[in-house]
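Architecture at a glance
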Amino acid sequence: MKRLRTLRARFALWVAALLLAVLVAFGALVYFSLARDLSAAIDDSLQLSASQAIAAVNIENGQINFADSIPENPTVTTTGERDLTIRIFNPGGQIIQASGEFSAWPATAASITAARQQRSTFETLADPKEQILVRFYTGPIIENGQLIGIVQVAQDLEDVQKTLNRLLQALLIGGPLLVLVAAFGGYFLAARALAPIDQIIHTARRISAEDLSARLNLPATDDEVGRLATTFDAMLARLDESFKRERQFTADASHELRTPLAAMQAILGVIREERRTPEDYEQALSDISEEADRLRALTEDLLQLARGDTQSPAAYAKIDLSALLNDVADSLRPLAEAKGLALNCNIPNGLFLSGEMDGLIRLFVNLVENAVKYTDDGAITLSAQAEADQLRIIVADTGPGIPPEHLPRIFDRFYRVDASRTQRGAGLGLAIALDIARAHGGAIEVSSTLGAGSAFTVQLPGLR
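Computed from a prediction, not measured in an experiment: that's the story for all the values here.

A count of helical and extended segments in the protein chain gives nine helices and 14 strands. Here the protein chain, with 464 residues, has 36% of them falling under the buried criterion. Here the analysis covers contacts within the protein chain between residues at least 6 apart in sequence; of these, 64% occur between residues at least 24 apart. Element-wise, carbon and sulfur atoms account for 57% of the exposed surface of the protein chain, whose accessible area totals about 26900 Å².

So this is what it looks like as structure tokens:
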């Protein structure tokens, strides 16, 4: 029963059922069409024979002369049939001349009555002895508008029945055989067509969260199964890459969280070794507070990343981006001036968008702080402009620039160009900025020239 529930078995059964229905319909059409055509041929033959018999009748003075009316062996007009039976009746219905196998059969009252009314009739009667059917044609013999006799021609239908029976046997035997062949053929073709599906199932069973390296690697085909296999491999590649990023993220987060904790434990261990002066305790508390601030900032960054995918656009409101950017520049200008940098602002009025205020502030604060952090001489420029229905915001610096090999990963979480991690920060600022931009339907691009500086361009959908 389990095999009958497989797709290939159901496909084979559907093919067999469809072919059976087609064969039944086609067989019925052929059978009844042949039966109708053979019956029509018999009727035409009987009618022609009756016409020939009437033409052979010698009529004198309104009476039938029987001297040579009917030949002893009437001509058979259909191949393979027995001799025809021809009978002549007087208007009263009595046989006056007959020839043939069925000469002694009594004529039916209906046929004689119809002939008296000058109408021709066909009827089929059964021979109780030989168990065959006999077809009769009865018609009037008319002279000058008067009924002078009745002619009746009969032909057995044994050959017609044999022909139809042979056809029926062929259909009843050949039809089921064709259905069986079609069922096995459908099962075989379905098995071949669905073989990649089995491979997908086996591959999926081998896959676990620890190992997503398995691939189908089926030959490329431009059909549904081929596209499914390609899509499946692409999905596995995306999942593999996603799991690798998550594992790397977990490892980096653990490292970043462990660093301030280890520093605080080291400070406490040193302080506990012996009594210290009040100044030493104050310095230790200051160092612990600094590490705690670092730990708090890292925790907030991680929470921001966790909340980034859950921010609902329904909570967005209309925001004056021009005012927001000017406020960010004013709040960070002292930080830039402390390093001897100029923070230039070129923001036109009338820039509006739909978004979340705190997230957008953090986006541009991160970009400007990042520019200040990595620029030792020169200026930071914050500019914006409207292009059609897009807002384009650029944060440019005159820092050392970013090496080209680092640009593709500059927005990865915990990724820092300074591999030695001598710079303060966890490497989450740009990743958070990108998440916020994407949550608002935008994107961030970076361009950089070594020795000349970098420029981060934020694209956001605007409002009019």
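Spatially, β9-β11-β12-β14-β13 is the arrangement adopted by the five strands of the open sheet, whose pairing is mixed. Each edge of the open sheet is held by one strand with a lone partner, namely β9 (342-346) and β13 (443-449). When the angles between neighbouring strand axes are averaged without regard to direction, this sheet yields 15°. Across seven bridges, strand β12 (residues 390-397) lies against strand β14 (residues 453-461) in antiparallel orientation. Residue pairing in the sheet places V395 in a bridge with F456 of β14.

An ideal rise of 1.5 Å per residue puts 52 Å on 36 residues; helix α3 (residues 158-193) measures up with 51 Å between its terminal C-alpha atoms. Considered for burial, the residues of α3 that qualify are E158, V160, L164, L167, G175, V179, A182, A183, G186 and A190.

A few words now on the sheet that holds strand β7 (residues 146-156). Across the sheet, which stays open at both edges, the five strands sit in the order β4-β3-β7-β6-β5 with antiparallel pairing between neighbours. Only two strands of the sheet have a single partner each, and these edge strands are β4 (95-99) and β5 (121-127). Taking each pair of neighbouring strands and ignoring which way they run, the sheet shows an average axis angle of 20°. Here strand β3 (residues 85-89) pairs with β7 via five bridges, running antiparallel. For I88, the partnering residue across the bridge sits in β7 and is V151. Helix-sheet contacts for helix α2 (residues 109-116) involve β3, β5, β6 (132-143) and β7, and the interaxial angle to β7 is about 140°. Against the sheet, α3 touches β6 and β7, its axis set at about 135° to β6.

Even without a glycine there, the phi angle at Q118 is positive, about 60°. With respect to the secondary-structure elements, Q118 resides in the loop between α2 and β5. Look at Q118 and you get partly exposed, because its relative accessible area is 41%. Here the phi dihedral of A388 falls at roughly 60°; this positive angle occurs in a residue that is not glycine. Of note, A388 is situated in the loop between β11 (379-387) and β12. Look at A388 and you get exposed, because its relative accessible area is 65%.

Moving on, we come to the nonpolar core. Core analysis: the largest hydrophobic core is formed by 42 residues, its most contacted members being L321, L325, L363, F364, I393 and I444. Ranked by the residues each element gives to this core, the list is headed by helix α8 (residues 357-373), at eight residues.

The rules behind each value
- Residues numbered from 1 in each chain as written.
- Predicted model: local features only at pLDDT ≥ 70, side-chain atom pairs only at ≥ 80, totals over all residues.
- Heavy atoms only, no water.
- Helix = DSSP H or I, 4+ residues; strand = E, 2+ residues; numbered from the N terminus.
- Buried < 20%, exposed > 50% of the residue type's maximum accessible area, 1.4 Å probe, protein only.
- Contact = heavy atoms within 4.5 Å.
- Areas by Shrake-Rupley, 256 points an atom, 1.4 Å probe, with all protein chains shown as cover.
- Pairing = 2+ DSSP bridges.
- Axes fitted to C-alpha atoms, helices over the stretch in contact; angles between N-to-C directions.
- Expected span 1.5 Å × (residues − 1).
- Core = buried A, V, L, I, M, F, W, Y, C linked by side-chain atoms within 4.5 Å.

None of the figures reported here should be taken as evidence of function without further support.
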